[in-house]
Every structure is written in structure tokens, then in C-alpha cells.
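Structural overview
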Amino acid sequence: MKAPVRVTVTGAAGQIGYALLFRIASGSMLGDDQPVILQLLDITPAMDALEGVRMELDDCAFPLLAGITCTDNPNVAFKDADYALLVGARPRGPGMERKDLLEANAAIFSAQGKAINDHASKNIKVLVVGNPANTNALITQRNAPDIDPRNFTAMTRLDHNRAMTQIAQKTGKTVNDVTNMTIWGNHSATQYPDLFNAKVDGKPAIELVDQEWYENDFIPTVQQRGAAIIKARGASSAASAANAASDHMRSWALGTEGDDWVSMGVYSDGSYGIAEGLIYSFPCRCKDGDWEIVQGVEVGEFSRAKMAATEQELSEERDAVQHLLP
Ligand SMILES: NC(=O)C1=CN([C@@H]2O[C@H](COP(=O)(O)OP(=O)(O)OC[C@H]3O[C@@H](n4cnc5c(N)ncnc54)[C@H](O)[C@@H]3O)[C@@H](O)[C@H]2O)C=CC1
Ligand SMILES: O=C([O-])CC(=O)C(=O)O
């Protein structure tokens, strides 16, 4: 058995938290030989609810669960953390865009960035789920100057998984036949799901569908899936978001498969001409607990325009929170 690692989850008493914690504790995120200590953060009025979640975690008798801390103090929650999943933030309601949450949520991430900087392991791997996820990840990263910017990522894996299922269903295949999917850019309505590079049964997905369906059905369906769930459920995606968060961390920690890649919002190094320092979703391969942006992916004129539009939105979000970026 490996030594336990410390996993911080914020917003642990919320909807996503309720679906996520049990996966982490069961080993589905970091592997069935990796014990975990859960360090759960929420706000003071949520402490009773969080205590209930702790009782349920206890009642699962998970062999890999080596300890649980529940707290409303970020400095305690991030102490020596090896992994952090930053979920705690307000979700949007009907008719809102995710960036409308910026004002309500941005301050949370500057405070937590500082707490991570001062208390977490310097090798911490951070995934931001709370919306708007890319810009919240940027705020967190910029408030943690002593930690490598590559350690801060944003979640576009839910969009990636959605896109895989949409193309599998359209072509009469299963997700097992789909590889090399990419979500480029922001976790927002400007994100660009790329079928030029995705493959179904090893063939370019774009050749199996018509361009009209791609542009007017597939792309908007993936871009608007979060809003469709809110409309149907009256609350934003939680189980699928938790599943994607676990997938993201698992790929990062344990690696991606073969030549395949995953979509991750990561610190741009200028690859594909995207402004350095933005947290932008790229195709990434992971190995030995590290990620790299896949180079040499084909970008035609259609893709270039879509990638620029989502980059533009991320630049505007960054400019709107300039006061929180030291
Ligand atoms: N990146 C993605 O793909 C997705 C992101 N989301 C986002 O995830 C976030 C959480 O969603 P839900 O769990 O459904 O919301 P929720 O409202 O059920 O839970 C949020 C939890 O965060 C807590 N919280 C608020 N401020 C906090 C703080 N400063 N520190 C610690 N905890 C705090 C709340 O008390 C609550 O327990 C939302 O911003 C939502 O939009 C949701 C789905 C997908
Ligand atoms: O749409 C929302 O607000 C929640 C979310 O991020 C998603 O489901 O992709």
C-alpha cells in the first residue's frame, strides 16, 4: 500500500461534492492502491450538512479512506494538500452565462490561491471546477506565486465527455470507439469541440458527418449542454461534473492511454498562438503525474476562427478581474 495523499475538496457540502467525495474515497480517482485523507472545506453555515456527509463517508467503510477533516478554514483545508478540487462556488441559474458568476465567485479563488500558496504542498495539483472555471483557475494561480503555474488547471473534461457521447451516438458507435477528442478554450458557450482531429474507429470524425450537422447541431449541443441540464433538472449538472472531475485528476495523476489525449484547461505557453498565461483548454497527454500540450494537431481556417473567439472571451474575463491578479 502507498502512503496516503491529502486531497482537499472545497464546496464539499454541495451537490457536486456529494457525488465526488465517494468516488475519491473509493479509489476511482487515484487508483485502488492509493489511500487518501480527505480535507473538506465549506462555509460556516454548511458545517452541519458537511458533518452529515462525513458520517456517510464513515458508513461506507472505504478501505482507502485514511482520514477526514471537515473545516470552514481554508488554511486548515489546504494544509500539506497534494491534490485540490476547487468546487465551492455559486452555480448559475436559468438564463445566466457562467461568466455572470465572476463577480460572486472570483473573490473565493483569490483567497484560496493565497491559502494554497501558504499551506499546501509545493507539488499540489489543483483542479478548478467552480465557474467560470478557467478564469477562477487563473485567479487561483496568480495568487499562488510560489507554486508552478502548471499545477493549476480548469475542468473542460465534462465538455470532452459530452462531445464523445454526442459523436458516438450520431455515428452509431460507442464512446469506446472515439479517441482524440479536443475541447479548445473556455468552459463556456464559446468553447470549440473539434471533430477534425477526433476519430471514430480510427477515422476522422468529420468525414463521418456532414458539416451542416457539425456546425449547427453538434457544436451548439456541446456548448449549451450545461444550460440544457439546468433547464431540465432545475439545477446544474452535478453527478456528471463529479465524474468528469474524477476523470481529469485520474488522467493527470495516472496518465493518458497510448496515443489518445484528453482536454484540460491549462496554463498556455503560447502553443497554437494562444496568449501565454491564459488558462485555455488544449489537447493534453499525461504521464508520470505531469501533462503536456499535444503539438502538431491540425488547425484549419474553421478551427482557427473558433479558437480565436474563445481566446478573446478568456482575455475579456481576465481583464474583468484584473484587480484580483497580483
Ligand atoms: N467546470 C465544470 O464543468 C462545471 C462546473 N460547475 C460549477 O461548480 C460549482 C459548484 O456547483 P454545485 O456543487 O452544483 O453547487 P452547490 O451550490 O450545490 O455547492 C457549492 C458549495 O460550495 C460552498 N461554498 C460557497 N462558497 C464557498 C467558499 N468560499 N469556500 C468553500 N465552499 C464554499 C457552498 O456552501 C456549497 O456547499 C458551481 O460554480 C458550478 O457552476 C458545475 C458543473 C460543471
Ligand atoms: O452549466 C453550468 O452552469 C454547469 C456547468 O458548468 C456545466 O454543466 O457544464
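Residues numbered from 1 in each chain as written. Chains lettered and ligands numbered in written order. Predicted model: local features only at pLDDT ≥ 70, side-chain atom pairs only at ≥ 80, totals over all residues. Heavy atoms only, no water.

Named according to an unreviewed UniProt entry, the chain is Malate dehydrogenase originating from Sediminihaliea albiluteola. As its UniProt record puts it under Sequence similarities (unreviewed entry), the chain is described as follows: "Belongs to the LDH/MDH superfamily. MDH type 2 family." (UniProt positions renumbered as here; feature names shortened; annotations may be inferred.)

**Re the packing of aromatic side chains**
In total, this model carries 11 aromatic pairs according to the counting rule given. Between Tyr192 and Phe302, the aromatic rings sit 6.1 Å apart at their centres with planes inclined by 65 degrees, giving edge-to-face as the arrangement. One end of the pair, Tyr192, is in strand 9 (residues 192-194); the other, Phe302, is in helix 10 (residues 301-320), and 110 residues separate them in sequence. By relative accessible area, which is 0% here, Tyr192 ends up buried. Grouped by ring-pair contacts, the aromatic residues Tyr192, Phe196, Trp213, Tyr214, Phe218 and Phe302 constitute a single cluster. Above the ring of Trp291, the side-chain terminus of Arg150 is found at 3.9 Å from the ring centroid. (Phe/Tyr/Trp six-rings, centres within 6.5 Å; stacked < 30°, edge-to-face > 60°. Helix = DSSP H or I, 4+ residues; strand = E, 2+ residues; numbered from the N terminus. Buried < 20%, exposed > 50% of the residue type's maximum accessible area, 1.4 Å probe, protein only. Lys NZ or Arg CZ within 6 Å of the ring centre and 35° of its normal.)

**Some remarks on the pairing of strand 4 (residues 83-86)**
Neither face of strand 4 is exposed, since Tyr83 and Leu85 on one face and Ala84 and Leu86 on the opposite face are all buried. Alignment of strand 1 (residues 5-10) against strand 4, held across four bridges, turns out to be parallel. Note on strand 4: the bridge partner recorded for Val7 is Tyr83. The sheet contact formed by strand 4 and strand 5 (residues 125-128) spans four bridges and is parallel. Considered in strand 5, the bridge of Ala84 is made with Val126. Note on the crossover from strand 4 through helix 4 (residues 102-119) to strand 5: the handedness is right-handed. (Pairing = 2+ DSSP bridges. Right-handed = clockwise from strand over helix to strand, strands pointing away.)

**Focus on the pattern of salt bridges**
Here the structure, examined in full by the defined rule, presents eight salt bridges. Where Glu51 meets Arg54, a salt bridge forms, and the shortest distance between an N and an O atom there is 3.2 Å. In this pair, Glu51 and Arg54 are both assigned in helix 2 (residues 47-59), three residues apart and thus about one turn of the helix distant. Judged by its relative accessible area of 34%, Glu51 is partly exposed. A salt bridge links Arg162 to Asp159, with the shortest nitrogen-to-oxygen separation between them at 3.7 Å. Of this pair, Arg162 and Asp159 are both found in helix 6 (residues 157-170), three residues apart, which corresponds to roughly one turn of the helix. Considered together, Arg162 and Asp159 belong to a single accessibility category, that of buried residues. (Salt bridge = Lys/Arg side-chain N within 4 Å of Asp/Glu carboxyl O.)

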